[in-house]
Amino acid sequence: MELKKVSIVLSRHLEIKELEVREYIIEEADKLFCQYGFKSVTMDDIAKHLGMSKKTIYQNFSDKDELVTILIKEKLAAQKCLMNEAYNNAEDAIEEIFLMIGSIHEVLNNINPKLFYDLQKYHTQAWLFFKEFRDKAIYETINNNLKRGVKEGLYRADINIDILTQLRLDQSDLTLHQHEQYTMNKYNIAQVMVELTEHFLYGVCSLTGLGHIYANKMKLQTQNTPTEINN
């Protein structure tokens, strides 16, 4: 009986260790992908960066495509949590946007613009997960925020919510997929996304809402966040 208990404990310990190794590989591979893009990083590069054999990596992932797919699924799940937190913690629709600005800045600040092109071209399954997330989760978040803002009197009552939801999605696509042509590499993705978000807010806000924009800017400055939004 005691041997059986020891065996179960050891088995569980090994499972935890395997999970730790798996998550470590994902976390460190993510850093390389964000810096160089998906195409440029090989499994050899990942193994060298991690200081482990390729055999260990292949014991956890069948190939790079599986690694990328799992990584994207985890990042999308984390982003969904951030969107839910912004909605639940914000006092109003505008503060929700500003909370999202903070998380967007952290996620996109150091991403190589080639990342999304590589994802679409070389990792079909991961791209489909990303596209589904865009078409459902992000669409719903934008749409609900616009409805919330109108209800709270912070957004203009005469806006067309369906059209503006699609516009925001198109702005995101422009930023992520045509970044080099759009900015001539003068600004990173996070800077462009923040600027477009602020521009969008000024377009949909009522007079009352404009005051809330200013108040949230001041709050960000007081908190000394790394996000910079120009007056």
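Residues numbered from 1 in each chain as written. Predicted model: local features only at pLDDT ≥ 70, side-chain atom pairs only at ≥ 80, totals over all residues. Heavy atoms only, no water.

Chemist: Help me understand the overall build of the chain, please; the structure alone is not making it clear to me.
Modeler: A tally of helices and strands in the chain yields 11 helices and 0 strands. Secondary structure elements of the chain, listed N to C terminal, follow the sequence α-α-α-α-α-α-α-α-α-α-α. The 231 residues of the chain split such that 42% are buried. The long-range fraction of contacts in the chain, counting pairs at least 24 apart against all pairs at least 6 apart in sequence, stands at 67%. On the chain, roughly 13,600 Å² of surface is accessible, and the fraction owed to carbon and sulfur atoms is 55%. (Helix = DSSP H or I, 4+ residues; strand = E, 2+ residues; numbered from the N terminus. Buried < 20%, exposed > 50% of the residue type's maximum accessible area, 1.4 Å probe, protein only. Contact = heavy atoms within 4.5 Å. Areas by Shrake-Rupley, 256 points an atom, 1.4 Å probe, with all protein chains shown as cover.)

Chemist: What is the right way to look at the pattern of salt bridges in this model?
Modeler: Oppositely charged side chains are able to pair whenever their charged atoms sit close together. In the structure shown here, the tally under the stated rule is 11 salt bridges. Between D30 and K75 there is a salt bridge, with its nearest N and O atoms 3.1 Å apart. You can see D30 sitting in helix α1 (residues 2-36) and its partner K75 sitting in helix α4 (residues 64-89), a full 45 residues away along the chain. Note on D30: relative accessible area 17%, which makes it buried. As a salt-bridge pair, K136 and E132 come within 3.2 Å of each other at their nearest N and O atoms. Within this pair, K136 and its partner E132 are both found in helix α7 (residues 124-151), separated by 4 residues, close to a single helical turn. Overall, E132 belongs to the partly exposed group, its relative accessible area being 40%. Each member of the salt-bridge network shares a partner with another, and the members are K131, R134, D135, D170 and D173. (Salt bridge = Lys/Arg side-chain N within 4 Å of Asp/Glu carboxyl O.)

Chemist: For this particular structure, what's the right way to read helix α6 (residues 114-122)?
Modeler: Given 3.6 residues to a turn, an α-helix orients residues that are three or four positions apart in the same direction. Looking only at α6, the buried set comprises L115, F116, D118 and L119. Down the axis of α6, the sector holding all buried residues measures 160°, keeping them to one side. (Arc of directions from axis to C-beta.)

Chemist: What is the right way to read the side chain of T165 from this model?
Modeler: Turning to its location among the elements, T165 is positioned in helix α8 (residues 161-177). By relative accessible area, T165 is classed as buried at 0%. In contact with T165, not counting residues within four places along its chain, are Y139, I142, N143 and L146.

Chemist: Would you mind showing me how to read the confidence of the model for the chain here?
Modeler: Any region with low pLDDT has predicted coordinates that should not be read closely. On average, residues of the chain score 84 in pLDDT, and 83% of them are at 70 or above. By mean pLDDT, the top-scoring element of the chain is α7 (96), and the lowest-scoring one is helix α9 (residues 179-183) (64). Considering only residues more than four positions removed or in separate chains, one finds that residues 1-16, a stretch of pLDDT under 50, has 0 contacts. (pLDDT = per-residue confidence, 0-100.)

Chemist: Even after reading the chapter, I still don't get the nonpolar core, so can you show me in this structure?
Modeler: One recurring pattern in soluble globular proteins: nonpolar side chains tend to sit buried together. In this structure, F33, I46, L67 and L108 are the most contacted members of the largest nonpolar core, which totals 38 residues. Secondary-structure elements contributing two or more residues to this core are α1, α2 (43-50), α4, α5 (93-108), α6, α7 and α10 (189-204). With 8 residues, α4 is the single largest residue contributor to this core. Apart from residues lying up to four places away in sequence, F33 is in contact with F38, V41, I46, K64, L67, V68, L71 and L115. Residues I94, I97, I101 and V194 belong to the second largest nonpolar core, which totals 19 residues. (Core = buried A, V, L, I, M, F, W, Y, C linked by side-chain atoms within 4.5 Å.)

Chemist: Looking at this structure, how should I read the packing of aromatic side chains?
Modeler: The description of two aromatic rings rests on the distance between their centres and on the angle between their planes. Inspection of the entire model under this criterion finds 3 aromatic pairs. Here F33 and F38 contribute two aromatic rings whose centre-to-centre distance is 4.8 Å and whose plane-to-plane angle is 50°, an arrangement assigned as tilted. There is no split in this pair, since F33 and F38 are both buried. Within the aromatic cluster, the residues linked to one another by ring pairs are F116, W127 and F130. In this structure, R148 is placed above the aromatic ring of Y87, and the distance from its NZ or CZ to the ring centre is 5.0 Å. The lysine or arginine in question, R168, covers the ring of F200, its NZ or CZ lying 5.0 Å from the ring centre. (Phe/Tyr/Trp six-rings, centres within 6.5 Å; stacked < 30°, edge-to-face > 60°. Lys NZ or Arg CZ within 6 Å of the ring centre and 35° of its normal.)

Chemist: Mind showing me how you'd approach the packing of α8 against α10 here?
Modeler: A packed helix pair is summarised by two numbers, namely the angle formed by the two axes and the spacing between the axes. Where α8 contacts α10, the axes come no closer than 10 Å and their chain directions differ by 160°. As far as their axial angle goes, α10 and α8 are roughly antiparallel. Crossing of α8 over α10 shows right-handed handedness. Contact residues: α8 offers L164, L167, R168, Q171, S172, T175 and L176, while α10 offers I189, V192, M193, L196, T197, F200 and V204. Residue classes in the contact of α8 with α10 are distributed as 9 nonpolar, 4 polar and 1 charged. (Axes fitted to C-alpha atoms, helices over the stretch in contact; angles between N-to-C directions. Parallel < 35°, antiparallel > 145°, perpendicular 65-115°, else oblique. Left-handed = near helix turned anticlockwise from the far one by under 90°. Nonpolar A, V, L, I, M, F, W, Y, C, P; charged D, E, K, R; others polar.)

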